[in-house]
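Notes for the structure review
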Amino acid sequence: QVQLVESGGGLVQAGGSLRLSCAASGSIFGVKTMGWYRQFPGKQRELVAHITSGGSTNYGDSVKGRFTISRDAARNTVYLQMNSLKPEDTAVYYCNVEWGYYNTNWGQGTQVTVSS
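Let us look at the structure shown here. Please read these numbers as outputs of a predicted model, since none were measured by experiment. (Residues numbered from 1 in each chain as written. Predicted model: local features only at pLDDT ≥ 70, side-chain atom pairs only at ≥ 80, totals over all residues. Heavy atoms only, no water.)

**Some words on the pairing of strand E4 (residues 31–39)**
Buried residues dominate E4, accounting for seven of its nine residues. Pairing of E4 with strand E5 (residues 46–52) involves six bridges; the strand directions are antiparallel. Within the sheet, the bridge partner assigned to Arg 38 lies in E5 and is Glu 46. Linkage of E4 to E5, two consecutive antiparallel strands, is achieved through a turn of six residues, within which Gly 42 is found at a positive phi near 75 degrees. (Buried < 20%, exposed > 50% of the residue type's maximum accessible area, 1.4 Å probe, protein only. Helix = DSSP H or I, 4+ residues; strand = E, 2+ residues; numbered from the N terminus. Pairing = 2+ DSSP bridges.)

This is the structure we're talking about:
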């Protein structure tokens, strides 16, 4: 069993910052990528950012320059530093891990709300 535990969501004013964390535990090995997705009501999940085992990063266009993804490989933990938050960033944020032989796990989701 692999578990992803997310933390750090909450309510913030526009222009503020939040830091999300996601720790993977259990029988996990060979982590390939760790990332964050978000979902708006009635929409599909979209990529926010992900980072590979080699440290390469990829960001969604709407967050480039404002969000930064990082990873502690030894702890199987991924972070998302979100700066200059906008009301349109309000969504449920999900952690994602790809590991082993084509395994994928999702976190339970954490709400981020940005007030104007």
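**Focus: the environment of His 50**
Mapping His 50 onto the fold places it in strand E5. A relative accessible area of 23% places His 50 in the partly exposed class. Residues His 50 and Asn 96, 46 residues apart in the sequence, show an inter-C-alpha distance of 8.6 Å. Every residue in contact with His 50, bar those within four places of it in the chain, is listed here: Met 34, Gly 35, Ser 56, Thr 57, Asn 58 and Ile 69. (Contact = heavy atoms within 4.5 Å.)

**Considerations on the environment of Gln 13**
As for its placement among the helices and strands, Gln 13 is situated in strand E2 (residues 10–13). Considered as a pair, Gln 13 and Glu 98 are 85 residues apart in the sequence and their alpha carbons are 32 Å apart. Excluding residues within four positions of it along the chain, Gln 13 makes contact with Val 114 and Ser 115.

**Here we look at the side chain of Glu 6**
Here Glu 6 shows up in strand E1 (residues 2–7). Buried and without a salt bridge, Glu 6 has Arg 45 as its closest oppositely charged side chain, separated by 7.6 Å. A polar contact of 2.6 Å, which involves the side chain of Glu 6, links it to the backbone nitrogen of Gly 109. Setting aside chain neighbours within four positions, we find Glu 6 in contact with Ser 21, Cys 22, Trp 36, Tyr 93, Tyr 94, Cys 95, Gly 107, Gln 108, Gly 109 and Thr 110. (Lys, Arg positive; Asp, Glu negative; His and termini not counted. Salt bridge = Lys/Arg side-chain N within 4 Å of Asp/Glu carboxyl O. Polar contact = N/O pair within 3.5 Å; in protein donor to acceptor, adjacent residues only side chain to side chain.)

**Side note on the sheet that holds strand E8 (residues 77–82)**
Taken in spatial order, the four strands make up an open sheet running E1-E3-E8-E7, and their pairing is antiparallel. At either end of the open sheet lies a strand with only one pairing partner, and these are E1 and strand E7 (67–72). Strand after strand, the sheet turns through a mean of 15 degrees between neighbouring axes, direction not considered. (Axes fitted to C-alpha atoms, helices over the stretch in contact; angles between N-to-C directions.)

**Describing the environment of Lys 43**
Looking at where Lys 43 falls in the secondary structure, it is placed in the loop between E4 and E5. With a relative accessible area of 55%, Lys 43 lands in the exposed category. Measuring from C-alpha to C-alpha, the distance between Lys 43 and Thr 77 comes to 27 Å, with 34 residues separating the pair along the chain.

**Focus: the pattern of salt bridges**
The tally for this structure, following the rule as stated, stands at five salt bridges. A salt bridge links Lys 64 to Asp 61, with the shortest nitrogen-to-oxygen separation between them at 3.1 Å.

**Observations concerning the nonpolar core**
Ranked by internal contacts, the top residues of the largest apolar core, which has 29 residues, are Trp 36, Leu 80, Met 82, Tyr 93 and Val 97. The set of elements that each furnish at least two residues to this core consists of E1, strand E3 (18–26), E4, E5, E7, E8, strand E9 (91–99) and strand E11 (110–115). If we skip the residues at most four places from it in the chain, Leu 80 touches Leu 18, Arg 19, Leu 20, Trp 36, Val 48, Ala 49, Phe 67, Thr 68, Ile 69 and Tyr 93. (Core = buried A, V, L, I, M, F, W, Y, C linked by side-chain atoms within 4.5 Å.)

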